[in-house]
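Observations on the model geometry
Here is how the chains run, residue by residue.
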Amino acid sequence: MPLGADNSLTPSEDSEMSHVIAVVSGKGGVGKSTVTALLAVELAKRGYKVGILDADLTGASIPYLFGLQGLLKVTEKGLLEPMKTAQFGIKVVSIALVMENPEMAVIWRGPLLSKAIQQFWTDVDWGELDYLLVDMPPGTSDVPLTVMQMLPLDGVVVVTSPQDMARSVVKKAYHMANQLQVPVLGLVENMSYVTCPHCGERFSIFGQKPLTEAAQEFNVQVCVELPVDPQLAELTDQGNIEQITVATSSSLKELVDALETL
Ligand code: ADP
């Protein structure tokens, strides 16, 4: 496995990434993959070349969000060729595009999971990318930490939901990022509120949260809230996330602006 000067893995010789950003969460189901996909779409809309490495092997959902099916091709050099999304040509690599039965990964132990993710980095012809977003396995256990140590990250985006123990998730992510000497670039509280379809009023159905407090305490630069969005749920179910309209994606604007300044 090729190692770079700082002991992190180097990508295949045909790959060149300008920025690598990990998207993490405290647990599954908070919308980490959805946010990863939305960030990728927003960056692509701004004209950047974007890729997604789906490192959430036991809950691989990125291909479904984009309606991608089938298996990855292998290049003449024996590297995996990412699959491109229909509208914005976002390059995706996921276990669900490599194995006929990706569910098998559920029984894999840590080292095997780490090895597979390493290969998604070293044995893929990513080409030239402005941004590679890594959809991390949920939690702060060994596997995500190993993955983060292997990749030359620019920083971490943390996704929480209001029911999540936001403060403790941010704290853990902060310590994780600190250990790796990379910044927490942003905090996304997903499903934070609902908007009344009649009067447009916002309701924080889960009450007021200590999110901003946590962000301040841990010096997170950007903190955004995403609404519960029935259209988003429908589009993701249909594999059409690229068709997201401005309403939800504009909530991510401040974070995408921040990623642009990296
Ligand atoms: P995770 O990656 O954290 O496990 P997912 O991104 O797969 O979570 O999201 C879990 C489910 O919640 C999906 O069905 C997704 O469509 C839905 N979902 C996520 N974010 C929102 C949102 N803001 N509004 C409505 N549904 C959402």
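All values reported here derive from a predicted model rather than from experimental measurement.

All told, the structure shown has eight salt bridges when counted by the stated rule. Notably, a salt bridge pairs Lys32 with Asp56, separated by 3.1 Å at the nearest N-O pair. Taken together, the residues span a long stretch of sequence, with Lys32 in helix H1 (residues 32–45) and Asp56 in the loop between strand E2 (50–54) and helix H2 (62–65) at a distance of 24 residues. Residue Lys32 shares its accessibility class with Asp56, and that shared class is buried. Between Lys45 and Glu42 there is a salt bridge, and its shortest N-O distance comes to 3.5 Å. Placement of both Lys45 and Glu42 in helix H1 is noted, with a separation of three residues, approximately one turn of the helix. The class of Glu42 is buried, set by a relative accessible area of 11%. Salt bridges here are not isolated pairs; linked through shared partners, they connect Arg46, Lys253, Asp257 and Glu260.

Another aspect to go through is the packing of aromatic side chains. Overall, the coordinates contain one aromatic pair when judged by the stated rule. For the ring pair Tyr48 and Tyr131, a centre distance of 5.2 Å and an interplane angle of 85° mean the geometry is edge-to-face. Of this pair, Tyr48 sits in the loop between H1 and E2 while Tyr131 sits in strand E7 (residues 128–135), and the two are 83 residues apart along the sequence. In this structure Tyr48 comes out as partly exposed when scored by relative accessible area, which is 25%. It is Arg202 that lies over the ring of Tyr193; its NZ or CZ is 3.9 Å from the centre.

Definitions and cut-offs
- Residues numbered from 1 in each chain as written.
- Predicted model: local features only at pLDDT ≥ 70, side-chain atom pairs only at ≥ 80, totals over all residues.
- Heavy atoms only, no water.
- Salt bridge = Lys/Arg side-chain N within 4 Å of Asp/Glu carboxyl O.
- Helix = DSSP H or I, 4+ residues; strand = E, 2+ residues; numbered from the N terminus.
- Buried < 20%, exposed > 50% of the residue type's maximum accessible area, 1.4 Å probe, protein only.
- Phe/Tyr/Trp six-rings, centres within 6.5 Å; stacked < 30°, edge-to-face > 60°.
- Lys NZ or Arg CZ within 6 Å of the ring centre and 35° of its normal.

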